[in-house]
Structure formats: structure tokens, C-alpha cells
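Below, each chain spelled out in residue letters.
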Amino acid sequence: MKVNNVSLAAVGVKMSQYPDDGKPEVAFAGKSNVGKSTLINGMIGRRALARTSSQPGKTRTINFYDVEDVLYFVDLPGYGYAKAPKTEIERWGKMIDEYLNKRKCLMGIVLLVDIRHEPGENDKMMYDWLKHYGYDIIIAATKKDKIKRSQVQKQLSVIKKSLNLAPEDKLIAFSGETKEGKDELWAEIERVIGYEEPAKE
Ligand SMILES: Nc1nc2c(ncn2[C@@H]2O[C@H](COP(=O)(O)OP(=O)(O)OP(=O)(O)O)[C@@H](O)[C@H]2O)c(=O)[nH]1
Ligand SMILES: [Mg+2]
């Protein structure tokens, strides 16, 4: 998709605050600091529309980005930020749970994992849970620029094995620095929402 127009359409913590125009949406989930907001910026070609930080726990609300009036990109707060107060972790859990459980126009999830590490227990739980609910899942292995090219295939195999990916799940390496993986990821997102490029005049 050629992206020219993106805007932050809604910020919320409960269902009544989320957009209700029925446009399809794709959500970005993953551990705190894995690079969700960075990946969203890369996909829409904006340097800093989604706020990022080197400190985990940056995104605390559910943020809806309207992309070309075609779909929403949904930036979720990351899980597994141990330093957050317990009450906040609980609130976070409920918010994500409700969103993933009840959101009718949610067509697919991009689950981000760090290409350098074997996925953790939280990643496995999230994957199994998403699978259980029957979502289309795309795994994005982020921070590709942080490892040697010769290590990429090996790390992808580790991730595939560790999450026990199903044959239909797509696994794509991505870098927020070089934007490698962007076109492949866009193709998958378009497939998930059933988007077809408008015919040229
Ligand atoms: N080198 C490199 N750094 C990255 C990449 N993706 C993210 N980062 C860095 O990792 C840090 C966290 O990125 P964010 O995009 O804020 O992570 P997040 O998943 O949105 O984090 P939360 O909002 O806390 O859940 C920032 O310092 C980013 O610059 C990447 O592909 N390559
Ligand atoms: Mg974020």
C-alpha cells in the first residue's frame, strides 16, 4: 500500500473509546521495548508519529492510527515490563484481554519478537492465546540490523521452533533502522485484511 495519509485517530483504555466506524484493523503485540511503535513508524514511513523510547513501558494506552482511511494500525502497550506497579500490570492485562477478546474488526495480529533472543514464556503464552482465538498471525522478528546477516536464518529457526509456529504463520525479519522486511510485511497485512490495490485509470 502506498501510504501518504496517516493520523492518530484514537487513544483509549476501554472499548467505548475505540473507533467504531468498522474499518478493519491489525494490532501489533509483543514484549515491552521489542519495537512495536518503531515498526509502525517504519511501515507508515513516519519517523516519530508513534512515540518510542529506549526505556520499556513507553506505550501505555491503545493507540489507533488511521492509515489511508483503509485500516487502523493498533499500537498496544508491551507486556512483561517487570518494573511497572502491580496495579498497572493488572489494568494492562484487562485492557489487552478485553481488546483481543471483543474487538470485531480485528483481522490479524503482528506479534513481534526480538530476532536476537529465543522467545520468552510471555511470548509463547501470547502466541498460543492468539492461535486459540483463531487470529491470523504474522510474526515479525525485529532488530534485524543488530545481528550479522549470516545469523539471520539460524535465529529465525530458533523462533519458529520455540513458538512452535504453524505452517500458515508467516515469519518475517524486520529492521526499524534499514526498513528491511517492510514490503513483505505490508504484503501480509494486505492479505490479512483482503485489500486490493485500486485499479489504475
Ligand atoms: N537497532 C534497532 N533498534 C530498534 C529497532 N526497533 C526498535 N528499536 C529500538 O528499541 C527501543 C524500543 O522501541 P519501541 O518502538 O519504543 O518499543 P515498543 O515495543 O513500542 O515498547 P513499549 O511501548 O514500551 O511496549 C527504541 O530505543 C528503539 O529505537 C530496530 O529494528 N533496530
Ligand atoms: Mg510502544
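Now for a description of the structure that goes with this document. (Residues numbered from 1 in each chain as written. Chains lettered and ligands numbered in written order. Predicted model: local features only at pLDDT ≥ 70, side-chain atom pairs only at ≥ 80, totals over all residues. Heavy atoms only, no water.)

Regarding the overall build of the protein chain
Along the protein chain, the regular secondary structure elements total five helices and seven strands. For the protein chain, the succession of helices and strands along the chain, N to C, is β-β-α-β-β-α-β-α-β-α-β-α. A compact globule built from 201 residues should have a C-alpha radius of gyration of about 17 Å, and the protein chain, at 16 Å, falls within 12% of that. Within the protein chain, the fraction of its 201 residues that count as buried is 48%. Within the protein chain, counting contacts between residues at least 6 apart in sequence, those at least 24 apart form 74% of the total. Surface accessibility of the protein chain: about 10900 Å² in total, with carbon and sulfur atoms responsible for 47%. Taken together, the 33 basic and 29 acidic charged side chains of the protein chain have centroids lying 7 Å from each other. (Helix = DSSP H or I, 4+ residues; strand = E, 2+ residues; numbered from the N terminus. Rg over C-alpha atoms; globule rule 2.2 N^0.38 Å. Buried < 20%, exposed > 50% of the residue type's maximum accessible area, 1.4 Å probe, protein only. Contact = heavy atoms within 4.5 Å. Areas by Shrake-Rupley, 256 points an atom, 1.4 Å probe, with all protein chains shown as cover. Lys, Arg positive; Asp, Glu negative; His and termini not counted. Charge placed at Lys NZ, Arg CZ, Asp CG, Glu CD.)

Considerations on the packing of aromatic side chains
Centre distance and the angle of the planes are the two values used to describe a pair of aromatic rings. By the definition in use, this model includes eight aromatic pairs. The interplanar angle of 40° and the centroid separation of 5.1 Å between the aromatic rings of Tyr18 and Phe64 together place this pair among those described as tilted. Of this pair, Tyr18 sits in the loop between strand S1 (6–12) and strand S2 (25–30) while Phe64 sits in strand S3 (residues 62–67), and the two are 46 residues apart along the sequence. The interplanar angle of 75° and the centroid separation of 4.9 Å between the aromatic rings of Phe28 and Phe73 together place this pair among those described as edge-to-face. On the criterion of sequence distance, the pair formed by Phe28 in strand S2 and Phe73 in strand S4 (residues 71–75) is long-range, its members being 45 residues apart. When its relative accessible area of 0% is taken as the criterion, Phe28 is described as buried. (Phe/Tyr/Trp six-rings, centres within 6.5 Å; stacked < 30°, edge-to-face > 60°.)

Observations concerning the site of ligand 1
Close contacts around ligand 1 come from 22 residues, with Lys36, Thr38, Gly57, Asp145 and Gly176 the closest. In the model, an oxygen atom of ligand 1 is placed 3.0 Å from a nitrogen or oxygen of the Asn33 main chain. The contact in question runs from an oxygen atom of ligand 1 to an N or O atom on the backbone of Gly176, over 2.6 Å. Relative to its free-state accessible area of 660 Å², ligand 1 is covered by the protein chains to the extent of 88%. (Near = heavy atom within 4 Å. Polar contact = N/O pair within 3.5 Å; in protein donor to acceptor, adjacent residues only side chain to side chain.)

Topic: the side chain of Asp75
Following the sequence through the fold, Asp75 ends up in strand S4. Although buried, Asp75 forms no salt bridge, and the nearest oppositely charged side chain, Lys36, lies 6.0 Å from it. A distance of 2.7 Å separates the side chain of Asp75 from the side chain of Ser37, its partner in a polar contact. Among residues more than four places away in sequence, those in contact with Asp75 are Lys36, Ser37, Ile40, Ala50, Thr59, Thr61, Ile62, Asn63 and Tyr65. (Salt bridge = Lys/Arg side-chain N within 4 Å of Asp/Glu carboxyl O.)

Quick word on the sheet that holds S3
Strand order in the open sheet formed by seven strands is S1-S3-S4-S2-S5-S6-S7, with mixed pairing between adjacent strands. The open sheet is flanked by S1 and strand S7 (170–173), the only strands paired with a single partner. Recorded for the sheet is a direction-independent mean angle of 25° between the axes of neighbouring strands. By the bridge criterion, seven bridges tie strand S5 (residues 106–114) to strand S6 (residues 136–142) in an arrangement that is parallel. Each bridged residue has a counterpart across the sheet, and for Leu111 the counterpart in S6 is Ile139. Sitting on the sheet, helix H3 (residues 121–132) touches S2, S5 and S6, and the angle it makes with S5 is about 160°. (Pairing = 2+ DSSP bridges. Axes fitted to C-alpha atoms, helices over the stretch in contact; angles between N-to-C directions.)

A closer look at the pattern of salt bridges
Considering all chains together, one arrives at 13 salt bridges under this definition. Arg116 is the salt-bridge partner of Asp114, the closest N and O atoms lying 2.8 Å from each other. Residue classification places Asp114 among the buried residues on the basis of a relative accessible area of 13%. On the basis of relative accessibility, which here comes to 31%, the residue Arg116 falls in the partly exposed class.

Brief notes about the pairing of S6
For S6, a buried count of six out of seven residues is recorded, marking the element as mostly surrounded by other parts of the structure. The handedness of the S5 to S6 crossover, carried by H3, is right-handed. Crossover S6 to S7 through helix H4 (residues 152–163) is right-handed. (Right-handed = clockwise from strand over helix to strand, strands pointing away.)

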